[in-house]
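# Structural characterization, general
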Amino acid sequence: MEQQHIGAPKLMEFPHLSDPHRALMVDLVTRMETHLSAQLLPSAVPPDVQYYQNETGASQGTLHIRSGLPSSLVDSYLASWLHLELPNGGTINTSTLQGYLRPSTDAPHFQFELVQCNPTFFIFFLDIIPRKDLVLHPDYLETFYEDTNLEEIRLKLDKLPETQPYFSSSLYFRVVVSPTGIVVGIEGEAERMVEIIRDHVAPASKEVLEMWLEKCACAVREVSEDERGELRTRDLLIKTEAIEMDLSSGMPRQFGQEVADRVLSVIRKAFNS
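Remember, it's a predicted structure, so these values are computed and weren't measured experimentally.

### A few points about the pairing of strand β3 (residues 74-85)
In the case of a regular strand, side chains alternate between the two sheet surfaces. Among the twelve residues that make up β3, eleven are buried, leaving the element largely enclosed by the rest of the structure. In the sheet, strand β2 (residues 60-67) pairs with β3 via eight bridges, with the strands oriented antiparallel. In the strand pairing of β3, L63 is matched with S80. Count of turn residues in the β2/β3 antiparallel hairpin: six residues. Where β3 meets strand β4 (residues 91-101), eleven bridges bridge the pair, whose relative direction is antiparallel. Following the sheet pairing, L82 is matched in β4 by T94. Hairpin connection between β3 and β4: a loop of five residues separates the two successive antiparallel strands, and G89 in this loop has a positive phi of roughly 95°.

And the structure:
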């Protein structure tokens, strides 16, 4: 896919990733921008949060957030990468893409995260996050999870000998994930990991994102005022928990309190607007 000008040059570098991993991230962000750009406001992320680093420059991060126009079904989308230097000399590289919708629709949110813990082990999370109780709303389950090919995509990855289920220590996280969500650890030789990202992770990610863009982000659904209030509460809880679980504890240790406060305040403002 042809890369368009994103307005976040540091983000689009993805400098610490393998070639297939970098190509995947550029493709996903470009797809998001191309499909949704007319529905989005320009990014309001300040330059010192678009790219930041710790005192030594060893750990680095980027952040790109665009909020939706008042008339849009899209609340916001977030793209980022983190390169963390560990005390033992290792590194962790995390690339993230999230799409959130407004309470004017009850369609699922989009979540992608690929964490390179080392050259031979990755954690992969790909899902469209349900915003209604699937037991109480079987029609919702059917529309977004049974009538799509999400389960087929999950099973293809599950059949790879290098993949195994990954169980987050957060029970809250496990409750939020959909029945077709992909949450796996992938372990193998470094060259094989590159192949898996290129031949399996990338096609699955692109397919799920395209499905979300077409079936969720742009599809008008009838939502009552009472339902909108419930969705607003649920969405805020999910966003808040994501910040607290993923960033609030670890970021000050990696980047210092000043940088962490600066980055987290931008994310919280975007998520609470």
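### Section: helix α2 (residues 19-36)
An ideal rise of 1.5 Å per residue puts 26 Å on 18 residues; α2 measures up with 26 Å between its terminal C-alpha atoms. Of all 18 residues in α2, 13 are buried, a share of seventy percent or more.

### Considerations on the side chain of T105
As for its placement among the helices and strands, T105 is situated in the loop between β4 and β5 (109-118). The class of T105 is buried, set by a relative accessible area of 0%. A polar contact of 3.2 Å, which involves the side chain of T105, links it to the backbone nitrogen of A107. Setting aside residues no more than four positions away along its own chain, T105 makes contact with L73, R131, A219, R221, V223 and L231.

### What about a negative patch on the surface?
Together, D139, E142, E146 and D147 give the surface a local cluster of negative charge. Along the chain, D147 falls in the loop between α4 (138-146) and α5 (150-158). According to the relative accessible area criterion, D147 is exposed, its value standing at 54%.

### Let's talk about the environment of V183
Within the fold, V183 resides in strand β8 (residues 182-187). Residues contacting V183, with those up to four places away along its chain left out, are F124, F125, P165, Y166, F173 and V177.

### Regarding the sheet that holds β5
Pairing within the open sheet is antiparallel, and its eight strands lie in the order β1-β2-β3-β4-β5-β6-β8-β7. Looking along the sheet, the strands with just one partner apiece sit at the ends: β1 (51-53) and β7 (163-165). When strand polarity is set aside, the average angle formed by the axes of neighbouring strands in this sheet is 15°. Pairing analysis gives three bridges linking β1 to β2, with the strands arranged antiparallel.

### A word on the environment of R198
Assignment of secondary structure puts R198 in helix α7 (residues 190-215). Relative accessible area serves as the criterion here: at 45%, R198 is assigned to the partly exposed category. C-alpha of R198 to C-alpha of S18: the two residues are 180 residues apart in sequence and 9.9 Å apart in space. Excluding residues that lie within four positions of it along the chain, R198 makes contacts with P20 and P203.

So, how was this worked out
- Residues numbered from 1 in each chain as written.
- Predicted model: local features only at pLDDT ≥ 70, side-chain atom pairs only at ≥ 80, totals over all residues.
- Heavy atoms only, no water.
- Buried < 20%, exposed > 50% of the residue type's maximum accessible area, 1.4 Å probe, protein only.
- Helix = DSSP H or I, 4+ residues; strand = E, 2+ residues; numbered from the N terminus.
- Pairing = 2+ DSSP bridges.
- Expected span 1.5 Å × (residues − 1).
- Polar contact = N/O pair within 3.5 Å; in protein donor to acceptor, adjacent residues only side chain to side chain.
- Contact = heavy atoms within 4.5 Å.
- Patch = residues over 30% accessible without salt bridge, like charges linked within 9 Å, V, L, I, M, F, W, Y side chains within 5 Å.
- Areas by Shrake-Rupley, 256 points an atom, 1.4 Å probe, with all protein chains shown as cover.
- Salt bridge = Lys/Arg side-chain N within 4 Å of Asp/Glu carboxyl O.
- Lys, Arg positive; Asp, Glu negative; His and termini not counted.
- Charge placed at Lys NZ, Arg CZ, Asp CG, Glu CD.
- Axes fitted to C-alpha atoms, helices over the stretch in contact; angles between N-to-C directions.

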